[in-house]
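Architecture at a glance
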Amino acid sequence: MSADHLPEHPEFLWRNPDPKKSYDAVIVGGGGHGLATAYFLAKNHGMRNIAILEKGWLAGGNMARNTTIIRSNYLWDESAAIYEHSLKLWEILPEELDYDFLFSQRGVMNLAHTLGDVRESMRRVGANQLNGVDAEWLDPKQVKELCPILNINDNIRYPVMGATYQPRAGIAKHDHVAWAFARKCDEMGVDIIQNCEVTGFIKDGNKVTGVKTTRGNINTEKVGLCAAGHTSVLAEMAGFRIPIQSHPLQALVSELHEPVHPTVVMSNHVHVYVSQAHKGELVMGAGVDSYNGYGQRGSFHVIEEQMAAAVELFPIFARAHVLRTWGGIVDTTMDASPIVGTTPVENMFVNCGWGTGGFKGTPAAGLTFAHTIATGSPHTLNKPFGMDRFETGHLIDEHGAAAVAH
Amino acid sequence: MLLFTCPNCGPRNETEFHYGGQAHVAYPESPGELSDREWAEYLFYRENTKGLFAERWVHSAGCRKWFNMVRDTVSYEVKAVYRIGELQPETLERIASATEPEQAQPLAPAQANPTTASEGV
């Protein structure tokens, strides 16, 4: 078939403009969080003269690499509030963005394998219910009813002793989420500028007034950093420190299979989480590689342990083949909670530290970070998540709910 | 799987080791005089270098001793391994000068500096 016979290229979802000389606000990072932030800046705060700068291609970092799990069953009040708000936004966004990104509320199960797990899980279910988050405790038989391919026999190393279950949790198609935000941003006049790496900041005293990029200098009133694993690099350019560590986090998919897995199953104890994507591939993630790294890849033994755990829990997976594995760079904090707020540099704001669970937080990160940038002070939801908590001691220690599995 | 050379046991698989984060973070000399900000820095702020990074590892499945390593956090290549208590080799400068041949100098002995001199384990 010659080129003449190829169908017309489908309509582009966003323009590819050249950067202007100046903007009211510049968002660094064109992933889910950057796009959501620009979307809410434009929609809620009427800021249209804004740009998203992306050093690679749109949503090609962690937004393209995560396992798309969405849930809000976090232990502490502050986390439950922001993640539950995020989940509520997920529930309305397909209509608001006029884009069906296959948000599927198929439920998420967090397995318990030890008495400690059981106690922690029941405590978390109680805390969730008090915070208006749907949560219930399932015994092994109920676990089996919801997910028949799970092995609940007691002949395995870590038998399933029960699970917490959040019915409203689920998955979505991550690429489509990014495209949905990008199209709406573009419609409202936001410039999405790809292949534009930030190389420095222009400051007047302690106030940021512009951004140096590989496509020239850009003046701006305000800068919002949404660069996940590379936030420390940007912070260093801007002249402040940020308490995050970047780690590789790996995930993998199998080849396509008939639907066998109706929900999402996560296990902190044996370090695996599994769902089946709409197309049919089994999507699995593990824990982070222990060392600091920016290489977008991790070590193979992590994959090996993850596979061993998956096959023990789901014996049917023994015959499935790994199609591909990959790694992303996640920005972890010491309390496993994000940082969304102001920085020591005037007019510069930071959204980072979402670690292994940034995807589910995309809408709430966008909403609260946009509020912070537009008004100069945090939204009620992200007020507890400022960098100052490391000085005041008001940490939001979510290691129980967030350290491993997302 | 990375291959690390333990100063005591020689080359071993990464799975025998555990990570200890940034090396050469000294315990505050006068803890009682620290401000909240300084405590935050000591407890929660660590360098997150993209590039050459001095870090601690423990050979948990071998000699069970801690040691230091300089590793590239992008390529994951190990550039230097040295014992706890030893001064940090001037690896950063060495490698920087090695990549610019005209500036190549004979290696200077490691310089003492306040951070490494007061280092705890």
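Treat the numbers as computed from the prediction; the structure is a model and nothing was measured.

1. Structural notes on the sheet that holds strand E6 (residues 162–166) of chain A
Residue and element names in this part refer to chain A. Judged by pairing direction, the sheet is mixed, and its eight strands sit side by side in the order E5-E6-E4-E13-E14-E15-E12-E16 without closing on themselves. Each edge of the open sheet is held by one strand with a lone partner, namely strand E5 (136–138) and strand E16 (322–332). Ignoring which end each strand starts from, the neighbouring axes of this sheet average 20° apart. Relative to strand E14 (residues 272–276), strand E13 (residues 264–267) is paired through three bridges, and the arrangement is antiparallel.

2. Let's talk about helix H6 (residues 231–238) of chain A
Residues and elements named next belong to chain A. Along H6, the residues classified as buried are Thr231, Ser232, Leu234, Ala235 and Ala238. Across the axial projection of H6, the buried residues extend over an arc of 160°, all falling on one side. In this structure, the buried residues of H6 make contact with strand E1 (22–28), strand E9 (198–204), strand E11 (216–225), E16 and strand E18 (348–352).

3. What about the pairing of strand E15 (residues 281–288) of chain A?
Residues and elements named next belong to chain A. Counting buried positions over the eight residues of E15 gives seven, a clear majority of the element. Inspection of the sheet shows strand E12 (residues 245–256) paired to E15 by five bridges, in the antiparallel sense. The residue bridging Leu252 from the neighbouring strand is Met284, located in E15. Inspection of the sheet shows E14 paired to E15 by four bridges, in the antiparallel sense. Paired with Val274 across the bridge in E15 is Met284.

4. Focus: the pairing of E9 of chain A
Looking along a regular strand, one sees the side chains alternate between the two faces of the sheet. All names here are of chain A. In terms of strand pairing, E9 meets strand E10 (residues 207–213) through six bridges, oriented antiparallel. Among the inter-strand pairings, Ile202 is bridged to a residue of E10, identified as Gly210. Taken together, E9 and the strand that follows it, E10, pair antiparallel across an intervening segment of two residues, in which Gly205 is found at a positive phi of about 65°.

Scoring rules and cut-offs
In every chain, residue numbers begin from 1 and rise along the written sequence. Chain A is the first chain written and ligand 1 is the first ligand written, with later ones labelled in order. Where totals are concerned, whole chains, interfaces and linings use all residues; where local detail is concerned, this predicted model gives features only for residues with pLDDT of at least 70, and gives and counts side-chain atom pairs only at 80 or more. Each side-chain value is derived from all of the structure's non-hydrogen atoms; neither hydrogens nor water enter the calculation. Pairing between two strands requires that DSSP report at least two bridges joining them. Secondary structure counts use DSSP, requiring at least four H or I residues in a row for a helix and at least two E residues in a row for a strand, with both numbered from the N terminus. In this analysis, axes come from line fits to C-alpha atoms, helices being fitted only over the stretch in contact, and the angle between any two N-to-C directions falls in the range 0 to 180 degrees. Exposed residues in this analysis have more than 50% of their type's maximum accessible area, buried residues have under 20%, and partly exposed residues fall in between, with area computed by a 1.4 Å probe over protein chains only. An arc is given here, and it is the one of the directions from the helix axis to the C-beta atoms. Any two residues whose heavy atoms approach within 4.5 Å are treated as being in contact.

What is shown is where atoms sit, not what they do.
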